[in-house]
Amino acid sequence: MKIIGTGSALPALTVTNDDLAGFLDTNDQWITTRTGIQERHLLSTEDLYDLAVDASIKAIKAAGLRPDQIDFLLVSNVANRHVTPGLSCIVQKRIGLTCAGLDINVACAGFVNALMLADGMMKAGRAKNILVLCAEEPTKYCDWHERDCSVLFGDGAGAVVLTEGNAFKDVQLTMISDRDVLYYERGMETTPFEQHYIKGQPLVMKGKELFKTAVSESAKDIQTILKRANLTHEDITYFMLHQANKRIIEGIRKIVGGPEEKYPTVIEKYGNTSSASIPILLDEMLADNKIKAGDKIVMSAFGAGFVSAACLWEWEF
Ligand code: UT7
């Protein structure tokens, strides 16, 4: 398969580190040096569904298709205010789609996992044109009285349209069951029989542990992909990594190799937008004409689970 259209959408409201320092015990210097984040976009007047629809319509237009030519919708979303129906059902009609779809939750690694599913569907002949949409509002999982998680995230959506082609070369998925490193528990209704009722609580993160696992597992996935393709970092034009922390990207770069220019970032502007971070980055790089036919691109993401995933492209337009 190959990507023939991309789109992204960010909330209108920009929140700087100084804005956060106005009500949290934090400061611009700490956030910038520890994470690379300078500002992020937060949902205020719009909702996640608006972003999801906007990014999708842009991607379909960029692909030169009509919505009714999309054969399947794959949505990556960790959580939104509806537990059911799935986000794919909620936005399908507003995008103008007539096809079926489904939601996956593989945390920040959702985009690469969705690509794996799209590739399988296409190879099985079940769909020709697939829309992959990543729409996330991680700022809604954080406790905004605490500084540990709330400074890291931003909201956003990124979408790609895939069709038949030979650009997608390989994919590597990793899952290491470790709930405690990063989790967000939603409250549920209680029953007269429930003995383990949990009210729900905001995002809990063991930052340091997660940092180390993210660097080592993402680097491992990338090295596995490179080895299988008989390539080295020198053959790769870009490593497009999940935008969780600039120091994590730097840690992966130190293991995998290559100059900083090969590891593009948008984390400065958007913070960690969960599974939307790679498609948003991709959309901006394509808009800036930074990607040429034949470029070899590695994507790699990691997140709650612990999960990680990497894939290899040889770009075709
Ligand atoms: O999408 C995947 C999800 N998330 C991640 O991948 C995140 C992975 N982890 C990280 O990115 C980093 O571990 C963090 C950015 C979360 C934290 O950076 P760190 O360098 O590991 O800092 P730390 O947690 O060790 O904290 C260092 C100090 C502490 O103070 P003391 O004990 O040294 O006095 C913290 O209390 O920084 C303090 N601190 C803050 N200070 C100002 C922690 N958060 C903040 C804050 N502002 N927001």
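See the structure above.
Cut-offs applied
- Residues numbered from 1 in each chain as written.
- Predicted model: local features only at pLDDT ≥ 70, side-chain atom pairs only at ≥ 80, totals over all residues.
- Heavy atoms only, no water.
- Helix = DSSP H or I, 4+ residues; strand = E, 2+ residues; numbered from the N terminus.
- Contact = heavy atoms within 4.5 Å.
- Axes fitted to C-alpha atoms, helices over the stretch in contact; angles between N-to-C directions.
- Parallel < 35°, antiparallel > 145°, perpendicular 65-115°, else oblique.
- Left-handed = near helix turned anticlockwise from the far one by under 90°.
- Nonpolar A, V, L, I, M, F, W, Y, C, P; charged D, E, K, R; others polar.
- Patch = residues over 30% accessible without salt bridge, like charges linked within 9 Å, V, L, I, M, F, W, Y side chains within 5 Å.
- Areas by Shrake-Rupley, 256 points an atom, 1.4 Å probe, with all protein chains shown as cover.
- Salt bridge = Lys/Arg side-chain N within 4 Å of Asp/Glu carboxyl O.
- Lys, Arg positive; Asp, Glu negative; His and termini not counted.
- Charge placed at Lys NZ, Arg CZ, Asp CG, Glu CD.
- Buried < 20%, exposed > 50% of the residue type's maximum accessible area, 1.4 Å probe, protein only.
- Pairing = 2+ DSSP bridges.

A. Broad picture of the environment of Ala62. Note on placement: Ala62 falls in helix H3 (residues 48-62). The spatial distance from the C-alpha of Ala62 to the C-alpha of Gly5 is 4.6 Å, given a sequence separation of 57 residues. Aside from chain neighbours lying at most four places away, what touches Ala62 is Ile4, Gly5 and Thr6.

B. Representation of the packing of helix H6 (residues 207-228) against helix H7 (residues 246-256). Two elements in contact, H6 and H7, have axes separated by 9 Å at closest approach and are oriented at 40 degrees. With respect to H7, the element H6 is oriented oblique. Here H6 runs over H7; the crossing is right-handed. Seen from H6, the contacting residues are Phe211, Ala214, Val215, Ser218, Ala219, Ile222, Gln223 and Leu226; seen from H7, they are Arg247, Ile248, Gly251, Ile252, Ile255 and Val256. In terms of residue class, the contact of H6 with H7 is built from ten nonpolar, three polar and one charged.

C. Quick peek at a positive patch on the surface. Together, Arg34, Lys208, Lys212 and Arg247 make up a positively charged patch on the protein surface. Within the secondary structure, Lys208 is located in helix H6. A relative accessible area of 66% means that Lys208 is categorised as exposed.

D. Just the pairing of strand E5 (residues 100-104), in detail. Where strand E4 (residues 72-76) and E5 come together, five bridges link them in parallel fashion. In the strand pairing of E5, Phe72 is matched with Ala100.

E. The side chain of Asn245, seen in detail. With respect to the helices and strands, the residue Asn245 is situated in the loop between strand E11 (238-241) and H7. Using a relative accessible area of 9% as the deciding quantity, one classes Asn245 as buried. Asn245 has contacts with Arg34, Thr35, Phe211 and Ile267, leaving out every residue within four places of it along the chain.

Treat this as a map of the structure, not an account of what it does.
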